[in-house]
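# Analysis of the macromolecular model
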Amino acid sequence: MSAFWKDTSVIFKDSDVVWKNSSILSDIVLFDFVPAIGIKESLEWVTDILMPRDGIGSEQRISIRSIPRQSFSYTILLQTEKEQSQFEAMMFGWQKKGFALPIWTEKVTHTSTIIAADRTIVVDTTNSDFRDSGFVLIWKSLTEYEVIRTVTVADNLLTLDSSIVGTYTGNKFIIPCRTAQVSGVSKRTNSEVPFSRAQINFVIKDNALLSGYTAVQEYLGLPIVTTGSFIGQRDKEYSSESDSFLQDYDTGDFDYLSDSEFNIIGQNHTFYNVTQAECWNFRLFLHSLVGRQGTFWLPTYRNDLTHTETISAVETGINIQNIKLADNMTFNTLRTHLAFILPNGTIICRAITNIVEVDDDEETITIDTALGVEVAMGGCTISFLDLCRQASDVVDIEWTEPNKNLVNQVLLAVKA
Amino acid sequence: MTYEASEISVSSGQPVELYNIAMGSTRWRLSSGGVDKVHLGHTYESVPCKCGELEQTDEIPKDGIELELPRGHALGVLAIAGTLEEEVTITIYRCHGTDYVIYFKGFLTNVRFNENSIPICFFEPRSSDLPFVGGRRRCMRLCGHKLYGYRCGLNKENYKVTGTIDTIDGVTITSSEFGDVGEAVPEVYGDLTKLAGCTYVANTNSSYAYRAFDGNVSTDWNTPSGYSLTNNWIYCKWTAARTIRKIRIRPGHIYKYVWSTTGAYLLYPGEGCMKHFRVAGSNNGTDWTTIPVTEWVGNCENYSGYGGSDTLVDKIGAMTEWIGVTLNNDTAYTYYRIWVYDYWVPSDMTWSLFINEIEMIAADNTMAIYSLGGGGEIVVGSTRRTITSQVGNTITINRPFGASVVVGSAFSAYQGCTHIPGICRDKFGNSINYGGLEGLPVKNPYSGNLLY
């Protein structure tokens, strides 16, 4: 039982399922198996990217599918042969048809009593995808639950289109439901009798583009990712591709040729969201990007540059340790901005307007506007600030626990 | 942001295509986007559909587009059932947000199904059925106008017969209403001599007035040699009052009579014909009401200054061709008179005014369903079938109706047209709008053996 969603107040027991309010689901059935930890979710957009051969990294990004398709991969632990038979029976009858799929990753714990005949539920809806005229699952246990349709959704109130049938006391979940269909092959594996593990993938039918994302900070009208990505036990990869092609006819000399002045820079980041609010806000952020179309500013959160003297509030020329920027990078169009990250978390973004080598030890970077604050030696982190987009239209979300997820993304720097 | 601005923007383009498919009065409105969209007051439903790329080849006017529809879509089902009874057209709108442009317009030319039974429709632009870009009609003897189309100009409702089915057996249907309209007075009064009781009068040579109404352009009514060529008139008198809406005249030449030495006379066609005329109606042969003209067809035009009631005939063109006028007339008259009050002719010789033929076209129509050839159709509910033949009360249709059409089902039937001049003239009285070229040579004048 510990493999289920951790909430000790919720009782799971093996008995006949009571199906309430089934009449509202005339053509779909509730998927009433509780998934195990490790839910995998995907959001998928479609974007056409046109790249002119201008050599400076320009691109036109056209969103062909702006409303993402959401999908889930649920693992179901079936603890008795009866549950296995029940699961198989549901697949036999409904695998080609529609389900009302509880989105367990967005469940909200509810404690006050819900009384039969109530037409409203007081619940915080701000971090879950409850929708007007959508389905909601009231889940107390495997035997105590019901599905009901909403009329309207407010921040702390669900108004229902019919009366609740049962009475629910104590801890329970209020879970938004989506209409879904099973995709691909549904598998069930018996590891030991009678224990079985089922793997089932759902694609959501009633997708929607979520709005309402507000960036913590913006620069030049685009959001800044203000927290560094998570590493944990994962590797963080950076890649650089020369954007060249090989001319080689096997018999003679060969050459790598390129028409561009930059390399395609990729960064692999993992964002770790540890509260339901963070998860929801990151979801809104992803929706605001519309797949590969949208761009945002991402500091490297490294000490890319080390300033060699105090930076006054008014100066625009900053001396840094010589890392051969002037020789090697000059004004690469993909890396023309800096983020000055202060100890208090403030991020000051500036554009690079010039780079010159002072001597073998120092270079001077000129920024477009003074910082406005004095920064002592070692008093800030100077990171390159890249304008990025997602490398893929598919975003995989790995739910490690309820209300905690990891989002692994490969990001590409684009022309600012 | 405008459509153009979105199209060229770096990262604001979010195109969605809307497909407005029309078949008769049926509309299917589909959207390629993820949610339903409303455009011009209509809702376009988000469904699984995919439009191919609009290609550009050497023949841009013929570049079509493929559209994959949802499986089981009604258009696909109809295509399986048989030949579509009506033309299917498509208008594709493309939008960013709420800013729309028309992206493609065309008509359905083909429906096929892939291995998953997904209907794939191929639409070609309207320009693809033109023989060459910029042209609109193919030159041919048969009329190319769509029956009851806007170039044909006939009001379909005037040629409708309604009733109920008496018997139905596959493609054979009988109804007493089919026969009720079998032998009525023709709508086009070309050969009035076949109508008993009609009389014809002219101010001179009255005994030959009938020749202008006999349906034969080789016979004429004419004024005697040396008779005044001004203020001549000719009329017909019906046995019952009729509302005439169009009059068609074959004027013919002004002729000169020359007596030969043998006592016979010779006719020399001159470069002239009737010049001005006016149409009037009467119910007693005495009190005449001038009937205004609203449309002039052929080599004639409004004789300006006469309040739209007089016609000026072109000097050259009308000598060998029909001219026509549309009358603004809702009154049934027993008498209709053509008053020719002027003429084109040299003034120093002796001439005669000739009129080859006059046709009168009534507002009513009581023709039988004449379904030889395209266009005749029977409609039950919203289902249409083409009538391939009719014998009395029995018609044959191109393919059977479904099981819902039974004895007693109400129908509307519409007359067909063989697109030949005689049918257009005698059946519909629509020669003015005939779209074929009767005199088109059958032999190419630019081919054959050299003469020198």
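Figured I'd write up the structure that's included with this text.

The rules we used
Residues numbered from 1 in each chain as written. Chains lettered and ligands numbered in written order. Predicted model: local features only at pLDDT ≥ 70, side-chain atom pairs only at ≥ 80, totals over all residues. Heavy atoms only, no water. Helix = DSSP H or I, 4+ residues; strand = E, 2+ residues; numbered from the N terminus. Buried < 20%, exposed > 50% of the residue type's maximum accessible area, 1.4 Å probe, protein only. Areas by Shrake-Rupley, 256 points an atom, 1.4 Å probe, with all protein chains shown as cover. Pairing = 2+ DSSP bridges. Salt bridge = Lys/Arg side-chain N within 4 Å of Asp/Glu carboxyl O. Contact = heavy atoms within 4.5 Å. Buried area = accessible area lost by both parts, 1.4 Å probe. Polar contact = N/O pair within 3.5 Å; in protein donor to acceptor, adjacent residues only side chain to side chain. Nonpolar A, V, L, I, M, F, W, Y, C, P; charged D, E, K, R; others polar. 1 Å grid on protein atoms, 1.4 Å probe; cavity = no way out; pocket = protein on both sides within 12 Å on 5 of 7 lines; lining within 4 Å. Points joined across faces, edges and corners; volume = space filled by probe spheres on them. Axes fitted to C-alpha atoms, helices over the stretch in contact; angles between N-to-C directions. Phe/Tyr/Trp six-rings, centres within 6.5 Å; stacked < 30°, edge-to-face > 60°. Lys NZ or Arg CZ within 6 Å of the ring centre and 35° of its normal. Lys, Arg positive; Asp, Glu negative; His and termini not counted. Core = buried A, V, L, I, M, F, W, Y, C linked by side-chain atoms within 4.5 Å. Expected span 1.5 Å × (residues − 1). Disulfide = S-S within 2.5 Å. Patch = residues over 30% accessible without salt bridge, like charges linked within 9 Å, V, L, I, M, F, W, Y side chains within 5 Å.

Of the regular secondary structure elements, chain B holds four helices and 32 strands. Scored against the burial criterion, the 452 residues of chain B give a buried share of 43%. Carbon and sulfur atoms provide 50% of the accessible area of chain B, an area that totals close to 22,800 Å².

Attention now goes to the overall build of chain A. Of regular secondary structure, chain A possesses three helices and 25 strands. For chain A, with 416 residues in total, the buried portion stands at 48%. Only carbon and sulfur atoms are counted for the fraction: they give 50% of the accessible area of chain A, which is about 19,100 Å².

Looking now at the pairing of strand E24 (residues 310-313) of chain B. All names here are of chain B. With burial as the criterion, each face of E24 is covered, one bearing Asp310 and Leu312 and the other bearing Thr311 and Val313. Of the pairings in the sheet, the one linking strand E20 (residues 274-282) to E24 comprises three bridges and is antiparallel in character. Bridge pairing links Arg278 to Asp310 in E24. Bridge count between strand E23 (residues 300-302) and E24: three bridges; the pairing is antiparallel. Following the sheet pairing, Glu301 is matched in E24 by Leu312.

Counted according to the given criterion, the structure contains 23 salt bridges over all chains. When the shortest N-O distance is used, the salt bridge between Glu59(A) and Arg61(A) registers 2.9 Å. In terms of burial, Glu59(A) and Arg61(A) fall into one category: buried. Across the salt bridge formed by Glu86(B) and Arg384(B), the nearest N and O atoms sit 3.0 Å from each other. Here Arg384(B) lies in strand E30 (residues 383-391) and Glu86(B) lies in the loop between helix H2 (74-81) and strand E7 (88-96), a separation of 298 residues in the sequence. Taking relative accessible area as the criterion, Glu86(B) reaches 27% and is therefore assigned partly exposed. When salt bridges that share partners are traced, they join Asp129(A), Arg131(A), Arg178(A) and Asp206(A) into one network.

So, on to the interface of chain B and chain A. Facing the 11 residues of chain B at the interface are 10 residues of chain A. In this assembly, chain B packs against chain A so that about 790 Å² is buried in total across both faces, 45% of it on carbon and sulfur atoms. In terms of surface lost to chain A, no three residues of chain B exceed Val10(B), Ser11(B) and Gln14(B), which account for 51% of the buried area on that side. Counting across the interface, chain B meets chain A through zero salt bridges. For the pair chain B and chain A, the number of links is seven residue pairs in polar contact (both at pLDDT 80 or more). A class-by-class count of the residues in the side of chain B that touches chain A yields four nonpolar, six polar and one charged.

Below, the discussion takes up the layout of surface pockets. What the largest pocket holds in volume is close to 1,900 Å³. Lining the largest pocket are 50 residues, and of these Ile64(A), Arg65(A), Ser32(B), Gly33(B) and Cys49(B) sit closest to its centre. The element contributing the most residues to the lining of the largest pocket is strand E3 (residues 60-78) of chain A, with 10 residues. Looking at the lining of the largest pocket residue by residue, the classes come out as 20 nonpolar, 16 polar and 14 charged.

Residues and elements named next belong to chain B. Spatially, E10-E32-E29-E30-E31-E12-E11 is the arrangement adopted by the seven strands of the open sheet, whose pairing is antiparallel. At either end of the open sheet lies a strand with only one pairing partner, and these are strand E10 (160-164) and strand E11 (167-169). Taken over all neighbouring pairs, the strand axes of this sheet differ in orientation by 30 degrees on average, direction set aside. Of the pairings in the sheet, the one linking strand E12 (residues 172-174) to strand E31 (residues 394-397) comprises three bridges and is antiparallel in character. The residue bridging Thr174 from the neighbouring strand is Thr394, located in E31.

Residue and element names in this part refer to chain A. Taken as a whole and judged by the stated rule, the model has 24 aromatic pairs over all chains. When the ring of Phe33 is compared with that of Phe87, the centres are 5.4 Å apart and the planes differ by 75 degrees; the resulting orientation is edge-to-face. With Phe33 in the loop between strand E1 (28-30) and strand E2 (40-50) and Phe87 in helix H1 (residues 81-94), this pair connects stretches of sequence that are 54 residues apart. Each of the two residues, Phe33 as well as Phe87, counts as buried. Measuring from ring centre to ring centre gives 5.6 Å for Phe282 and Phe285, while their planes differ by 55 degrees; the resulting arrangement is tilted. A residue pair is termed a helical-turn pair when its members lie 3 or 4 positions apart in one helix, as Phe282 and Phe285 do in helix H2 (residues 276-289) at three residues. The exposure class of Phe282 is buried, given its relative accessible area of 10%. Taken together, Phe31, Phe33, Phe72, Tyr74, Phe87, Phe99 and Phe202 form an aromatic cluster joined through their ring pairs. Geometry around Tyr238 places Arg302 over its ring, the cationic atom sitting 5.3 Å from the centre.

A few words now on the sheet that holds strand E4 (residues 42-46) of chain B. Across a sheet, strands are paired by hydrogen bonds formed along the backbone, either parallel or antiparallel in direction. Residues and elements named next belong to chain B. If you walk across this open sheet you meet the nine strands as E3-E4-E2-E1-E7-E8-E9-E6-E5, and the pairing is mixed. With one partner strand each, in any of the chains shown, strand E3 (37-39) and strand E5 (50-51) form the two edges of the open sheet. Pairing of strand E2 (residues 26-31) with E4 involves two bridges; the strand directions are parallel. Among the inter-strand pairings, Leu30 is bridged to a residue of E4, identified as Glu45. Where H2 meets the sheet, its contacts fall on strand E1 (15-23), E2, E7, strand E8 (99-113) and strand E9 (119-125), and the angle it forms with E8 comes to roughly 30 degrees.

Another aspect to go through is the side chain of Lys172(A). Residue and element names in this part refer to chain A. With respect to the helices and strands, Lys172 occurs in strand E10 (residues 172-192). Buried and unpaired, Lys172 has no salt bridge, with Asp118 as the nearest side chain of opposite charge at 9.5 Å. Here the side chain of Lys172 touches Ser112 through a polar contact of 2.6 Å, landing on its backbone oxygen. With residues up to four places along the chain from it excluded, the contact list for Lys172 reads Val108, Thr109, His110, Thr111, Ser112, Thr113, Ile114, Trp139 and Lys140.

A separate point is the nonpolar core. By size, the foremost hydrophobic cluster in this structure holds 52 residues, and its most contacted members are Phe31(A) and Tyr74(A). Setting aside residues no more than four positions away along its own chain, Phe31(A) makes contact with Tyr74(A), Ile76(A), Phe87(A), Met90(A), Met91(A), Phe99(A), Ala100(A), Leu101(A), Pro102(A), Ile200(A) and Phe202(A). One finds Leu192(B), Ala202(B), Met274(B) and Trp351(B) within the second-largest nonpolar core, a separate group that totals 37 residues.

All names here are of chain A. Over its 14 residues, H2 runs 20 Å from end to end, which matches the ideal 20 Å to within 8%, given 1.5 Å per residue. Most of H2 is tucked away: 10 of the 14 residues are buried. Along H2, the residues classified as buried are Gln276, Cys279, Trp280, Phe282, Arg283, Leu284, Phe285, Leu286, His287 and Leu289. Where H2 ends, the next residue or the one after it, Val290, has phi of about 55 degrees, a positive value.

On to the side chain of Gln84(A). Residues and elements named next belong to chain A. Tracing the sequence through the fold places Gln84 in helix H1. Overall, Gln84 belongs to the buried group, its relative accessible area being 7%. Looking at Gln84, its side chain comes within polar contact range of the side chain of Asn190, at 3.4 Å.

This next bit is on the state of the cysteines. According to the stated counting rule, one finds zero disulfides over all chains in the structure shown. Of all cysteine sulfurs in the structure, the one in Cys143(B) sits closest to Cys424(B), which takes part in no disulfide; the separation is 6.0 Å.

Here the focus is a nonpolar patch on the surface. On the surface, Phe230(A), Tyr272(A) and Val274(A) cluster together into a nonpolar patch covering about 210 Å² of accessible area. Note on Phe230(A): relative accessible area 31%, which makes it partly exposed.

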